[in-house]
Amino acid sequence: MTLHASSVGRPAISVIIPFRNAAPYVERLLESLCAPQTAEQWQIIAVDNGSTDQSRTLLGGFIGRLPLTIIDASARPGPSFARNVGARVAAADKLLFIDADDEVAPGY
C-alpha cells in the first residue's frame, strides 16, 4: 500500500528516507522536518524496507503535516535497495537522502 500526501506541481527537492523498524526514532526526524526548511516545493518519500514494528503507522500520522508518501521496498532487505526504490519514484531533480535515525537542524 502506498500513502500519498496531496501536493500541487512538481517538487524541487525529493527527500528519501529508507526505514526498517524505525519506531524508536522516526518521529524525531519527522518532527524536525515539520519546521520550514526551504521556500521551494519539496516531497518526502519514506521507503519501508520490511518493518515489523509500528514505524509505518507512526509515519502515516504525519501525512497532512508533511508532503509525505510512504512506499514499500520489502522485496529485498537493505538500505541501498530502499534508497534506489525511493529514487525511482522521486519527482524532483534534486535528491536528499536522510536516514530514519537522523534529525535535521533548523535551516537544513
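These numbers come from a predicted model, not from an experiment.

Even after reading the chapter, I still don't get the pattern of salt bridges, so can you show me in this structure?
Side chains that differ in charge, positive against negative, can pair when their charged atoms come close. For the structure on display, the rule yields 6 salt bridges. A salt bridge links Arg10 to Asp93; its shortest N-O distance comes to 2.9 Å. Of this pair, Arg10 sits in the segment before strand 1 (13-19) while Asp93 is found in the loop between helix 3 (79-89) and strand 4 (94-97), placing the two residues 83 residues apart along the sequence. There is no split in this pair, since Arg10 and Asp93 are both exposed. Put simply, Glu40 and Lys94 hold a salt bridge, and the shortest N to O gap is 3.7 Å. A residue pair is termed long-range when its members are at least 10 positions apart, and Glu40 in the loop between helix 1 (26-34) and strand 2 (42-48) and Lys94 in strand 4 qualify at 54 residues. Taking relative accessible area as the criterion, Lys94 reaches 46% and is therefore assigned partly exposed.

Can you walk me through the sheet that holds strand 3 (residues 68-72) in this structure?
Through backbone hydrogen bonds, the strands of a sheet pair up, either in parallel or in antiparallel fashion. Spatial strand order, 3-2-1-4: 4 strands in an open sheet with parallel pairing. Each edge of the open sheet carries a strand with a single partner, namely strand 3 and strand 4. Adjacent strand axes in the sheet meet at a mean angle of 25 degrees when their direction is disregarded. Bridge analysis of strand 2 against strand 3 gives 5 bridges, and the strand direction is parallel. When the bridges of strand 3 are listed, Ile44 appears paired with Leu68. Where helix 3 meets the sheet, it contacts strand 1, strand 2, strand 3 and strand 4, and its direction lies at approximately 150 degrees from that of strand 1.

How should I be thinking about the nonpolar core in this particular structure?
In globular proteins that are soluble, nonpolar side chains generally tend to be buried together. Counting 20 residues, the largest nonpolar core has Ile17, Leu30, Leu33, Ile44 and Leu66 as its most contacted members. Broken down by secondary-structure element, the contributors of at least two residues to this core are strand 1, helix 1, strand 2 and strand 3. The contacts of Ile17, once residues within four sequence positions are left out, are Leu29, Leu30, Leu33, Ile44, Ile45, Ala46, Val47, Ile98, Asp99 and Ala100. Counting 9 residues, the second largest nonpolar core, distinct from the first, contains Ile71, Ala73, Ala82 and Val85.

Definitions and cut-offs
- Residues numbered from 1 in each chain as written.
- Predicted model: local features only at pLDDT ≥ 70, side-chain atom pairs only at ≥ 80, totals over all residues.
- Heavy atoms only, no water.
- Salt bridge = Lys/Arg side-chain N within 4 Å of Asp/Glu carboxyl O.
- Helix = DSSP H or I, 4+ residues; strand = E, 2+ residues; numbered from the N terminus.
- Buried < 20%, exposed > 50% of the residue type's maximum accessible area, 1.4 Å probe, protein only.
- Pairing = 2+ DSSP bridges.
- Axes fitted to C-alpha atoms, helices over the stretch in contact; angles between N-to-C directions.
- Contact = heavy atoms within 4.5 Å.
- Core = buried A, V, L, I, M, F, W, Y, C linked by side-chain atoms within 4.5 Å.

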